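# Descriptive structure summary
What follows is the residue order along each chain.
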Amino acid sequence: MCGIVAYIGRRPATPILLEGLKRLEYRGYDSAGVAVLEGGKLKMARAVGRVRNLEELIEKQGKFEGSLGIAHTRWATHGGVTDKNAHPHCDDSKLGHGIAIIHNGIIENYASLKTYLTEKGHTFVSDTDTEVLAHLIGEVYKGDLEKAVQAALREVTGAYAIAVVCQKEPDVLVVARKGSPLMVGVGKDEYVVASDSSAIVAHTTQAFTLADYTVAKLTRDSFRTSTVDDVPVNAQVKELEFDLAEIELGNFEHYMLKEIYEQPRALRMTLQGRVDMRGGQIVLGGISQLARQLATSRRIVFVGQGTALHACMIGTYLMEELGKIPSDWSYASEFRYRNPIVEEGTVVVAVSQSGETADTLAALQEAKSRGAMALGIVNVVGSSISRETDAGVYLRVGPEIGVASTKAFVGQVMVASMLSLFVGRRRYLSADHVTKFLQALDRIPAAIERALLLSDHIKKATEKYIERENWLFLGRGLNWPVALEGALKLKEISYIHAEGMPAAEMKHGPIALIDKGMPVVFVATRNSQYEKVLSNIQEVRSRGGHVIAVATEGDEDIKSMAEDVFYVPDVPELLQPLVTVVPLQLMAYHAAVMRGKDVDKPRNLAKSVTVE
Ligand code: AGP
C-alpha cells in the first residue's frame with residue numbers, strides 16, 4: 001500500500017518528509033519520491049527501492065530547501081517499478097503551472113481521462129493513473145489550486161488520497177481523499193499530512209481524519225475543509241491515541257518478532273475493562289446499543305482476507321458453539337461479487353487489522369446495502385471500515401508494523417471469542433458458564449508467554465528444513481484455520497511454498513505431494529478430533545514425510561510419531577488457536593531470518609491492500 005506524507009509550515013520540509021516516509025515503510029513499497037517548493041521553484045527527486053536510495057539522491061542533487069513539500073512511497077499498481085513511474089507526478093509542463101501530486105489509490109477511469117487529455121494536446125511521461133490526475137488538475141487550473149483539485153476530482157471515479165502543490169501557490173497545500181486513508185496533523189503554524197498517524201505523532205497529537213470526498217486547503221496558519229463541490233464541512237480535530245514507543249523497534253531485530261512477543265500484553269489490553277467476571281458478562285460498549293438485535297439475529301457472516309479471514313473461520317466456530325447462531329465465513333472479495341443472499345436478520349462482521357482492506361470494506365458496504373447489520377472487528381481506530389460499520393469492537397493490540405500479521409490475529413480471535421460470549425450470554429449461556437470461560441480467557445496471555453519460551457527449540461528444529469521448498473500444514477476443527485495461518489506466515493516472509501488444509505483433506509489429493517523428508521506440520525493438540533489426527537500423522541510418516549507437531553504439554557503419545565514436537569499449554573479447545581499459532585509464527589520468523597529474507601517488508605507485499 002502506498003504511503004503519503006506532506007508538510008506545510010515554517011520548518012525545512014525535507015527532513016520531516018523523509019522521516020515520515022520511514023515511519024510508513026512498513027506499509028510495503030517499491031519506490032519513493034519527494035517534491036519540495038522553495039521560492040516558487042519545485043524541486044523533485046524519485047528513486048526505485050528503499051527510502052535510503054532517495055536520501056542518497058537528494059544528497060547528490062542538493063538544495064532541497066523549502067517549508068512546503070510532498071513525499072510518497074509507491075506500491076506499484078499501474079505501471080512498472082521505475083523512476084519515471086515513482087511519485088510525485090506533474091501536470092503538463094507546457095502549461096507552466098508547476099503542479100505536483102502524490103496519490104494512494106486507483107483512478108478507475110484514468111484511461112478515458114487520458115484519451116480526453118491527449119486529444120487536448122497533453123503528453124505523458126509515465127504509465128501511471130496518477131500522472132493523468134496531475135494533468136487533469138493542470139488542465140482545469142485557473143489560478144486557484146483548491147478549486148482546480150475539486151473540479152478535477154468531480155471527474156474522477158476510483159479511490160484516492162492525494163496531496164497537491166503548485167509552483168504558483170507557494171503557501172498552499174491541498175489534500176483530498178476518497179476510499180484511501182488520509183490524516184491531517186495540526187501543529188503550531190504547521191500541518192503534517194500522512195496516510196496514518198505513525199508519521200504524524202512525532203510532530204503533534206492533534207489531528208483530524210479526512211472523510212470521503214473531502215478536500216482540505218492548508219496554509220501555514222489556517223485550514224479549510226470542503227467537499228469536492230466546495231460545500232464547507234467541519235473537521236473534528238481529536239487527540240491522537242498513539243505512543244511513539246509503540247512503533248519503535250526497541251531491542252528487537254524485527255517488528256514481527258517484537259509483535260510476536262507483545263501478544264500477551266496485547267491480549268491483556270484487548271480484555272481490559274471488558275470482562276465482568278463476577279457477573280459472568282462481557283462488556284462491549286461499542287455494540288451494547290445493538291445487543292438485542294444482535295442476540296436475535298438469524299445468521300452471522302464473518303468476512304475478511306488473509307490472516308483476518310483465518311480469524312473469521314475461527315469466529316464462525318466460536319459463534320456457533322457459544323452464540324448458537326447459524327454462522328459462516330467468506331473471503332470478502334468473493335462475498336462482494338457473488339450476489340450474496342442477505343436475508344432479514346443477517347449480521348455481517350468485517351474483520352480487519354488495518355480497517356483499510358479494499359475488498360473487506362466493499363463487502364461490508366455490499367452487505368449494508370442489502371440490509372445487513374454491519375459490525376467490525378478492527379485494530380486501527382477511525383479507519384475506513386470502522387467508520388463504515390453500525391458498531392464494532394476495536395482490537396486494542398496497538399499499531400502492528402510488521403507486514404506479517406501476528407498480534408492482530410490473536411486480537412481478532414480474542415475479540416471473536418468475546419463477541420460470541422456476548423451473544424451467547426444473551427441467549428443460552430448461564431453466568432456461571434461464561435465466568436468459567438472468562439477465567440480461561442484470562443489465563444491465555446500467560447499460556448502464550450509459556451509458548452514463547454519455545455523459540456530457541458523451534459529455531460533449531462526449523463533449521464533442518466529451511467532448504468525444503470514445499471511444506472504442508474494440517475489440522476482439524478479449530479486447528480484447521482491455525483494450519484492455514486501457519487502456512488500463510490511461512491509463505492509470506494520466507495517465500496517457501498506452504499499449503500494448509502483440513503487434515504482429512506490430505507487423502508483427497510495432496511498426499512501425492514508427500515515425498516521423503518517433506519516437512520508436514522500438524523496442529524495436533526488434544527481435542528475432539530485428536531485420534532483422527534494421529535491417523536493422518538501415520539499416513540504421512542508411512543510415505544516418508546517429516547512430521548512437525550504442535551501438541552499439548554504432557555502428550556507423550558505424539559513424541560514417537562513426530563520428528564519435532566512443540567508443546568503448548570493445555571487450554572480449552574475453543575481457545576487453542578490463541579496458543580497453537582505461536583509456534584507457527586516463530587517457525588515462520590526463524591525460517592525467514594535463516595533464509596536471509598526481509599522479515600518486516602517481504603517482497604511484493606503491503607501491510608494493507610487498499611486496492612482490489
Ligand atoms: C497477513 O500476515 C497479511 N499481511 C495479510 O494476509 C493481511 O492479513 C490481509 O491483507 C488483511 O489485512 P487487514 O487485516 O488489514 O484487513
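Up top is the structure these notes are about.
For the structure given in this document, a descriptive report is provided here.

Reading the values: rules and limits
Residues numbered from 1 in each chain as written. Predicted model: local features only at pLDDT ≥ 70, side-chain atom pairs only at ≥ 80, totals over all residues. Heavy atoms only, no water. Near = heavy atom within 4 Å. Polar contact = N/O pair within 3.5 Å; in protein donor to acceptor, adjacent residues only side chain to side chain. Areas by Shrake-Rupley, 256 points an atom, 1.4 Å probe, with all protein chains shown as cover. Helix = DSSP H or I, 4+ residues; strand = E, 2+ residues; numbered from the N terminus. Nonpolar A, V, L, I, M, F, W, Y, C, P; charged D, E, K, R; others polar. 1 Å grid on protein atoms, 1.4 Å probe; cavity = no way out; pocket = protein on both sides within 12 Å on 5 of 7 lines; lining within 4 Å. Points joined across faces, edges and corners; volume = space filled by probe spheres on them. Contact = heavy atoms within 4.5 Å. Buried < 20%, exposed > 50% of the residue type's maximum accessible area, 1.4 Å probe, protein only. Pairing = 2+ DSSP bridges. Right-handed = clockwise from strand over helix to strand, strands pointing away. Axes fitted to C-alpha atoms, helices over the stretch in contact; angles between N-to-C directions. Core = buried A, V, L, I, M, F, W, Y, C linked by side-chain atoms within 4.5 Å. Expected span 1.5 Å × (residues − 1).

## With respect to the site of the ligand
Neighbouring the ligand are 14 residues; Ser 352, Gln 353, Ser 354, Thr 357 and Glu 492 lie closest to it. The contact in question runs from a nitrogen atom of the ligand to an N or O atom on the backbone of Val 403, over 2.8 Å. Within the contact set of the ligand, an oxygen atom lies 2.9 Å away from a side-chain nitrogen or oxygen of Lys 489. When the ligand sits alone it has 410 Å² of accessible area, and the protein chains cover 91% of it. Elements that contribute at least two residues to the shell around the ligand include exactly α10 (306-323) and α18 (479-494). Here the residues of the shell around the ligand sort into four nonpolar, eight polar and two charged.

## Observations regarding the layout of surface pockets
Size it by volume and the second largest pocket reaches roughly 490 Å³. Taken together, 26 residues make up the lining of the second largest pocket; nearest its centre are Gln 305, Gly 306, Thr 307, Lys 607 and Val 609. Looking at the lining of the second largest pocket, the elements that each hand over two or more residues are α10, β19 (346-352), α12 (358-369) and α18. Taken together, the residues of the lining of the second largest pocket sort by class into nine nonpolar, twelve polar and five charged.

## A word on the environment of Gly 20
Within the element layout of this structure, Gly 20 appears in helix α1 (residues 13-24). Along the primary structure Gly 20 and Val 193 are separated by 173 residues, whereas in three dimensions their C-alpha atoms are 9.5 Å apart. The residues contacting Gly 20, other than those within four sequence positions of it, are Val 5 and Ala 199.

## Considering the pairing of β19
Consecutive side chains along a regular strand alternate between the two faces of the sheet. Counting buried positions over the seven residues of β19 gives seven, a clear majority of the element. Side chains Thr 346, Val 348, Ala 350 and Ser 352 of β19 all project onto a buried face; the interleaved residues Val 347, Val 349 and Val 351 project onto the opposite face, where all are buried too. The pairing of β19 with strand β20 (residues 373-378) spans six bridges and is classified as parallel. Residue pairing across strands places Ser 352 opposite Val 378, the latter belonging to β20. With respect to chirality, the unit in which β19 leads through α12 into the neighbouring parallel β20 is right-handed.

## Points about the sheet that holds strand β18 (residues 327-331)
As summarised here, the arrangement of the five strands in space is β18-β17-β19-β20-β21, forming an open sheet in which the pairing is parallel. Two strands bound the open sheet, and with one partner strand each, they are β18 and β21 (391-394). Averaged over all neighbouring strand pairs, the angle between strand axes comes to 20 degrees, with direction disregarded. Bridge count for strand β17 (residues 299-304) against β18 is five bridges, and the pairing is parallel. Counted as the bridge partner of Gly 304 is Tyr 331 from β18. Of the strands in this sheet, β17, β18 and β19 are in contact with α10, which crosses β18 at around 170 degrees.

## As for the sheet that holds strand β13 (residues 222-227)
Spatial ordering of the open sheet is given by β5-β6-β7-β8-β12-β13, a layout of six strands whose pairing is antiparallel. Each having just a single partner strand, β5 (89-90) and β13 make up the two edges of the open sheet. Relative to strand β8 (residues 173-178), strand β7 (residues 158-166) runs antiparallel, the two sharing four bridges. In the sheet register, Ala 163 faces β8, and the bridge partner there is Val 175. Sheet contacts for helix α4 (residues 129-140): β5, β6 (99-107) and β7; angle to β6, the most-contacted strand, approximately 130 degrees. Sheet strands touched by helix α5 (residues 145-153): β6, β7, β8, β12 (214-219) and β13. Its angle to β7, the strand with the most contacts, is close to 160 degrees.

## Here we look at unusual backbone geometry
The omega torsion across His 87 and Pro 88 is 5 degrees, close enough to zero to call that bond cis. Looking at the element boundaries, Pro 88 is found in the loop between β4 (68-74) and β5. The backbone of Lys 324 sits at a positive phi, close to 55 degrees, despite the residue not being glycine. Within the secondary structure, Lys 324 sits in the loop between α10 and β18. Overall, the relative accessible area of 42% leaves Lys 324 in the partly exposed class.

## Overview of the nonpolar core
With 92 residues, the main nonpolar core has Leu 294, Leu 441, Trp 471 and Phe 473 as its most contacted residues. In this structure Phe 473 touches Ala 483, Gly 486, Ala 487, Leu 490, Ala 498, Glu 499, Gly 500, Met 501, Val 521, Leu 584 and Met 587, once residues within four positions along its chain are discounted.

## Examining helix α20 (residues 577-594)
Spanning 18 residues, α20 covers 26 Å between terminal C-alpha atoms, matching the ideal 26 Å at 1.5 Å per step. For α20, a buried count of 16 out of 18 residues is recorded, marking the element as mostly surrounded by other parts of the structure. The first or second residue beyond α20 is Gly 596, which carries a positive phi of 70 degrees.

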